[in-house]
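# Residue-level structure breakdown
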Amino acid sequence: MTIRFDGQVALVTGAGAGLGRAYALDLASRGAKVVVNDLGGDPHGQGENRAAAQKVVDEIKAAGGEAAPNYDSVSSYDGGFNMVKTAIDTFGRLDVVICNAGILRDVAFHNMSEEDWDKVFAVHIKGSFTVLRAAWPVFRQQSYGRVVLTTSSSGIYGQFGQANYGSAKTAMLGLMNVLKQEGAKYNVNVNTIAPVAGTRLTQTVMPQEMVEKLKPEMVVPAVTYLVSKDCADSGLIIEAGAGNFNRAAIVKGPGLRPGLDDMKDAEWVQSNWKQITSLEGAVPMWNAQTPLATHLASKA
Ligand SMILES: NC(=O)c1ccc[n+]([C@@H]2O[C@H](COP(=O)([O-])OP(=O)(O)OC[C@H]3O[C@@H](n4cnc5c(N)ncnc54)[C@H](O)[C@@H]3O)[C@@H](O)[C@H]2O)c1
């Protein structure tokens, strides 16, 4: 069945280029009214330029869609509220938020400055907080919301030279894991995309040939499905791009459970290390106590 967003409003941050632009164009072509946010700075988070967001708004309108620009920085608390206000004032509602805005300040850890750390956290993790904090009361009130956060293989698995970026991207998983629980009662689903695409962000680390081949549009289908009303899942990490779609997960191994009455020492841990660290039979969790399968069974 065709996935449509008629009557729905989506806010995409960092939608003036790369992946965000591709998400915004696809949602608009499927009937969503789109708030196109972009500060328009460079890939390291310097400067600003309204042309980025405006250009994508013009593209959407030229294709017969509806869109409005927002030029605020996601790092600003007021900026987050302005974006949501733009959606409500212009289109009357908000159904979808894609937290996509991003910058890179790669440097080996021993050379990383406080500014390199703070700027990357401000855009990725605070920049997701500001927008979602503003959108959350709207979602709760209407008992509907679809959120996609953006992580990275760097955040899930690690990447040399990206201590700031990788940590901020792992923090997205922490944010998702809490919001999936707080949103569940209100039909607010929160998932996370780990994309791969040739964009201006990756052109410094990928050969030009690969940048051209790995189209952002190869990531789009996963994000569009995740933010649709057809997708009932929440709390998933989906890797997409470069001709690949898969799920990644943080899982819990069965370990050993000596119980409260049987105090063990370090030597016991050492001699049982293989079983304690084994991931055989590991399962994804809904929260710290409940395996995902148990949670889903209780909802069925
Ligand atoms: N391209 C990849 O392979 C890849 C891999 C993993 C994760 N990501 C993530 O995907 C997202 C999109 O990246 P991209 O590759 O399309 O990069 P991009 O540079 O093409 O797009 C990012 C956009 O975010 C905007 N932006 C930056 N700071 C902002 C701020 N403070 N407020 C509002 N907008 C801001 C930029 O102006 C830019 O238009 C990022 O979160 C990035 O970390 C990308």
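Now for a description of the structure that goes with this document.

Reading the values: the criteria
Residues numbered from 1 in each chain as written. Predicted model: local features only at pLDDT ≥ 70, side-chain atom pairs only at ≥ 80, totals over all residues. Heavy atoms only, no water. Helix = DSSP H or I, 4+ residues; strand = E, 2+ residues; numbered from the N terminus. Polar contact = N/O pair within 3.5 Å; in protein donor to acceptor, adjacent residues only side chain to side chain. Contact = heavy atoms within 4.5 Å. Near = heavy atom within 4 Å. Nonpolar A, V, L, I, M, F, W, Y, C, P; charged D, E, K, R; others polar.

## Notes on the environment of phenylalanine 109
Among the secondary structure elements, phenylalanine 109 is positioned in the loop between strand E4 (96–98) and helix H4 (114–142). Expressed as a C-alpha distance, the spacing of phenylalanine 109 and asparagine 164, which sit 55 residues apart in the sequence, is 8.4 Å.

## Points about the side chain of asparagine 189
Among the structural elements, asparagine 189 can be located in strand E6 (residues 188–195). Within the local environment of asparagine 189, its side chain forms a polar contact with the backbone oxygen of cysteine 231, the two atoms lying 3.3 Å apart. Here asparagine 189 is in contact with Gly145, Arg146, Val147, Cys231, Ala232, Asp233 and Ser234, once residues within four sequence places are set aside.

## Here we look at the site of the ligand
Not every one of the 31 residues close to the ligand is listed here, only the nearest: Leu19, Asp38, Asn100, Tyr165 and Thr199. Take asparagine 100: an N or O atom from its main chain is 2.7 Å from an oxygen atom of the ligand. Looking at the shell around the ligand, the elements with two or more residues in it are helix H1 (18–29), H4 and helix H6 (163–184). Counted by class, the shell around the ligand contains 12 nonpolar, 15 polar and four charged residues.

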